[in-house]
Amino acid sequence: MNIMKDLFISDIKPNTSVNSIFIVEAPSLRNGGRHGKYINCTLSDRTGKISCRIWGRNSGGAEEIERIFNGLNSNVGSVFHVFGESETYNNELLVRITDGVDSLTEPLNEESVSPENFEYTPFDIGKIRAGITSCILKIEDPSIRDFVGSIIGDADGFFEKPAARKKHHAFRGGLALHTLEVAGIALTNRDRIESISFDRDILIAGAVLHDIGKCRSFDRKGFGFSANASYSLLGHITPGVQMVERHRDKLENGVFEQILHIIQSHHGQYGEIKPQTIEAWAVHFADNMSATLHEVSEDIERIGFGESGWGDKSGGPVFRPESRK
Ligand SMILES: [Fe+2]
Ligand SMILES: [Fe+2]
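Note that the structure is a prediction, hence the values are computed from the model and not measured.

Trainee: For this particular structure, what's the right way to read the overall build of the protein chain?
Mentor: When helices and strands are counted, the protein chain shows nine helices and nine strands. Each principal axis of the C-alpha distribution contributes one length, and for the protein chain these read about 70 × 45 × 35 Å. Burial analysis of the protein chain (325 residues in total) assigns 41% to the buried set.

Trainee: Please clarify how the nonpolar core should be interpreted in this entry.
Mentor: Note that soluble globular proteins tend to have their nonpolar side chains buried in a common cluster. Core analysis: the biggest nonpolar cluster contains 43 residues, and V148, A186, A205, A207, V208 and L209 have the highest contact counts within it. Listing elements by their share of this core, those giving two or more residues are α2 (125-137), α3 (142-154), α4 (174-192), α5 (200-209), α7 (237-245), α8 (255-265) and α9 (278-301). Contacts of A186, omitting those with residues within four sequence positions, involve L203, A207, A282, V283 and A286. Within the second largest apolar cluster, 30 residues are counted, among which are I65, F69, L72 and F118.

Trainee: Where do I start with the confidence of the model for the protein chain in this structure?
Mentor: The predicted coordinates of low-pLDDT regions are not to be read in fine detail. Mean pLDDT for the protein chain: 92, with 99% of residues reaching 70 or above. For the protein chain, the element scoring lowest by mean pLDDT is strand β7 (residues 224-227), at 83; α5 scores highest, at 98.

Trainee: Which parts of the structure should I look at to understand the packing of α4 against α5?
Mentor: A packed helix pair is summarised by two numbers, namely the angle formed by the two axes and the spacing between the axes. At a minimum axis distance of 8 Å, the contact between α4 and α5 shows a crossing angle of 155°. Taken together, the axes of α4 and α5 lie roughly antiparallel to each other. The interaxial crossing formed by α4 with α5 has right-handed handedness. Across the interface between the two elements, T179, V182, A183, A186, L187 and R190 of α4 pack against R200, L203, I204, A207 and V208 of α5.

Trainee: Help me understand the pairing of strand β6 (residues 218-221) in this model?
Mentor: It is a general feature of regular strands that their side chains alternate between the two faces of the sheet. Both β6 and β7 contribute to a ladder of four bridges, which runs antiparallel. Paired with R220 across the strands is F225, a residue of β7. Here β6 folds back onto β7 in antiparallel fashion, the turn holding two residues, of which G222 has a positive phi close to 60°.

Trainee: How should I be thinking about the environment of L180 in this particular structure?
Mentor: The topology assignment puts L180 in helix α4. For L180, a count of 22 C-beta atoms within 10 Å corresponds to the buried category. For the pair L180 and C135, spaced 45 residues apart in the sequence, the C-alpha separation amounts to 7.9 Å. With sequence-adjacent residues up to four places away left out, L180 is seen in contact with I128, G131, I132 and C135.

Trainee: Just to check I follow, could you spell out the domain arrangement of the protein chain for this structure?
Mentor: Accessible area lost upon the coming together of the parts serves often as the stated size of an interface. Assigned domains within the protein chain: domain 1 (9-117) and domain 2 (125-298). Its C-alpha centre places domain 1 at a distance of 33 Å from the equivalent point of domain 2. Listed per partner, the contact involves nine residues of domain 1 and seven residues of domain 2. By residue number, the principal contributor to the side of domain 1 that touches domain 2 is strand β1 (residues 17-31), which donates three residues.

Trainee: Would you explain the sheet that holds strand β5 (residues 92-97) in this entry?
Mentor: Paired through their backbone hydrogen bonds, the strands of a sheet run either parallel or antiparallel. The five strands are arranged β1-β2-β3-β5-β4 in a closed barrel whose pairing can be described as mixed. Pairs of neighbouring strands in the sheet enclose a mean axial angle of 50°, with direction left out of account. Where strand β3 (residues 48-54) lies against β5, four bridges are found, and the strand directions are parallel. Pairing of R53 across the sheet is with R96, part of β5. Relative to strand β2 (residues 37-45), helix α1 (residues 62-73) is tilted by about 35°, and along the sheet it contacts β1, β2 and β3.

Trainee: What's the story with the environment of K214 in this structure? I'm lost.
Mentor: Along the chain, the position of K214 falls in the loop between α5 and β6. Classification of K214 as buried rests on a count of 27 C-beta atoms within 10 Å. In sequence terms K214 and T238 are 24 residues apart; their C-alpha atoms lie 9.9 Å from each other. For K214, the residues in contact, after removing those within four places along its chain, are K161, A163, L175 and H236.

Cut-off values and rules
- Residues numbered from 1 in each chain as written.
- Chains lettered and ligands numbered in written order.
- Predicted model: local features only at pLDDT ≥ 70, side-chain atom pairs only at ≥ 80, totals over all residues.
- Helix = DSSP H or I, 4+ residues; strand = E, 2+ residues; numbered from the N terminus.
- Buried ≥ 20, exposed ≤ 12 C-beta atoms within 10 Å, placed from the backbone.
- Core = buried A, V, L, I, M, F, W, Y, C linked by C-beta atoms within 7 Å.
- Contact = placed C-beta atoms within 7 Å.
- pLDDT = per-residue confidence, 0-100.
- Axes fitted to C-alpha atoms, helices over the stretch in contact; angles between N-to-C directions.
- Parallel < 35°, antiparallel > 145°, perpendicular 65-115°, else oblique.
- Left-handed = near helix turned anticlockwise from the far one by under 90°.
- Pairing = 2+ DSSP bridges.
- Domains from an automatic or database assignment.

The structure is reproduced here in structure tokens:
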């Protein structure tokens, strides 16, 4: 029989007890707290995510924290029973676990929980898929259209995987949503800046493929996705280059290199290769806009109206204005 879940992330209010089942994601061991070590992680369910700090019980020690961390780290994406309290720290609502650490040593059996309580995606993946398809169909040159369509068709999990571990679009379907936003922003900017000539087909191809390598960065784990060794060893640009290389014979000379250059340079001035074409700059700016606005928006959602706070995702101070009626 499935274990009941009657408290969801979206129901959690400050200073209440939290007793429910959640996915534990992204555990990291930090220095601090009364035992010299604590665990920072994220709890999630179908309604969203919340930060969680595991301080351990008074009688425990750093070894207990490390043991719990090792267990969580090898069961990322699994469901655990969480016994803790909610609190507000730096204007952010989070869950703290002290005495309730025993339930974190063993995840619940996947068969004992209902998947529909845990698969979190804030957007409609069907609509995102339709948006990407219509974007590819806007490419007029049939060989470039076929090239982009074949790569997306081959890219395992493109419509399911997140775009990041923790930062922007770190949810199921996040990679495809971010890709759709980047293509939309790049095309809108191209339409607004009429005095500059863009190669529209190359702009769309580069925008749709810029992060394609992230398909190789995440593996399904439990009900979530977890970054694999390839992500930390190679990043996402090298795998992206490898994925598009396999289809290079579909394109004429020169076209392939222009699209490859967009993938290679989309991190802008801080990347190894800086953008050198109009289309590469346009994709870089669109990428930055989609990523930054999501990071700031998620940071702001964690604080109250009229409050300031530190944005972990955006890496800077954020402020949430009072809502205007
Ligand atoms: Fe990227
Ligand atoms: Fe991106």
